[in-house]
Amino acid sequence: MAEKKTTKKVAAEKTAEPKKATVKKAAAKAVVAVNAENAGFKAGDVYQALAAAGKALTVKEIAKAAKISEEETLLGLGWLFKEGKLATADEKITLA
C-alpha cells in the first residue's frame, strides 16, 4: 500500500505543474483631441518638419521628425492639404 500512495503522490506532483503568470500589456493609444486649435498646431509641426527636411517624406518619417504620433501627423496633413500647402509623389509628401 505504501507504494500506491507514493505513486499517487508522484503522479499528482507531475500533473500539478506551476501555472505561469500571464502578463497582459495594454497598448498605449494616443488620444488626439480633434479641434481647430489642435489641428492647427499639428499642421505647424508637420510643416516645420517638412521644411527642415527639405525633401519628400512618408507619414512615418514626418511623425518621427516632428516628434508627434502618426495620428497627429495625419490631422496636421489634412489641414495642410486643405490649404493647398502639400504635394504628393510616390507615397511621399512634400511642400507645394
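Residues numbered from 1 in each chain as written. Predicted model: local features only at pLDDT ≥ 70, side-chain atom pairs only at ≥ 80, totals over all residues. Heavy atoms only, no water.

Once that is clear, we can look at the overall build of the chain. Secondary structure assignment for the chain yields four helices and two strands. In sequence order, the chain lays out its α and β elements as α-α-α-α-β-β. For the chain, the share of sequence-separated contacts (at least 6 apart) that also reach a separation of at least 24 residues comes to 54%. Summed over its atoms, the accessible surface of the chain is roughly 7800 Å², and 56% of this surface lies on carbon and sulfur atoms. (Helix = DSSP H or I, 4+ residues; strand = E, 2+ residues; numbered from the N terminus. Contact = heavy atoms within 4.5 Å. Areas by Shrake-Rupley, 256 points an atom, 1.4 Å probe, with all protein chains shown as cover.)

A few words on the nonpolar core. One finds A43, V46, A49, L50, L57, I62, A66, I68, L77, L80, L86 and I93 forming the largest nonpolar core, which totals twelve residues. At four residues, helix α2 (residues 36-53) tops the list of elements feeding residues into this core. (Core = buried A, V, L, I, M, F, W, Y, C linked by side-chain atoms within 4.5 Å. Buried < 20%, exposed > 50% of the residue type's maximum accessible area, 1.4 Å probe, protein only.)

Before going further, it helps to examine α2. In a regular helix each residue adds 1.5 Å, so 18 residues correspond to 26 Å; α2 covers 26 Å between its end C-alpha atoms and thus fits that length. Along α2, the positions that sit buried rather than exposed are N38, A39, K42, A43, V46, A49 and L50. Taken end-on, α2 shows its buried residues confined to a sector of 135°, consistent with a single buried face. Projecting away from the buried face of α2 at angles above 90 degrees are the exposed residues A36, E37, F41, Q48 and A52. (Expected span 1.5 Å × (residues − 1). Arc of directions from axis to C-beta.)

Another aspect to go through is the pattern of salt bridges. Applying the stated criterion to the full structure yields one salt bridge. For K42, the salt bridge is made with E72, and the minimal N-O distance between the two is 3.6 Å. Pair noted here: K42 is in helix α2 and E72 is in helix α4 (residues 70-82), with a separation of 30 residues, a long-range link. (Salt bridge = Lys/Arg side-chain N within 4 Å of Asp/Glu carboxyl O.)

Along any regular strand the residues' side chains alternate between the sheet's two faces. Pairing of strand β1 (residues 86-89) with strand β2 (residues 92-95) involves four bridges; the strand directions are antiparallel. Pairing of A89 across the sheet is with K92, part of β2. Hairpin connection between β1 and β2: a loop of two residues separates the two successive antiparallel strands, and D90 in this loop has a positive phi of roughly 55°. (Pairing = 2+ DSSP bridges.)

The next subject is α4. If you check α4, its first and last C-alpha atoms are 18 Å apart, about what 13 residues at 1.5 Å a residue would give, namely 18 Å. Where α4 is concerned, the buried positions are E72, T73, L75, G76, L77 and L80. Along its buried surface, α4 packs onto α2, α3 (59-66), β1 and β2. G84 sits one or two residues past α4 and shows a positive phi near 75°.

The next subject is the side chain of N38. For N38, the location among the structural elements is in helix α2. The residues touching N38, leaving out its near neighbours within four places in the chain, are V32, A33 and L75.

As a further point, take the confidence of the model for the chain. Across the chain, the average pLDDT comes to 82, with 69% of residues at or above 70. Within the chain, the element-level pLDDT minimum falls on helix α1 (residues 2-15), averaging 59, and the maximum on α3, averaging 95. (pLDDT = per-residue confidence, 0-100.)

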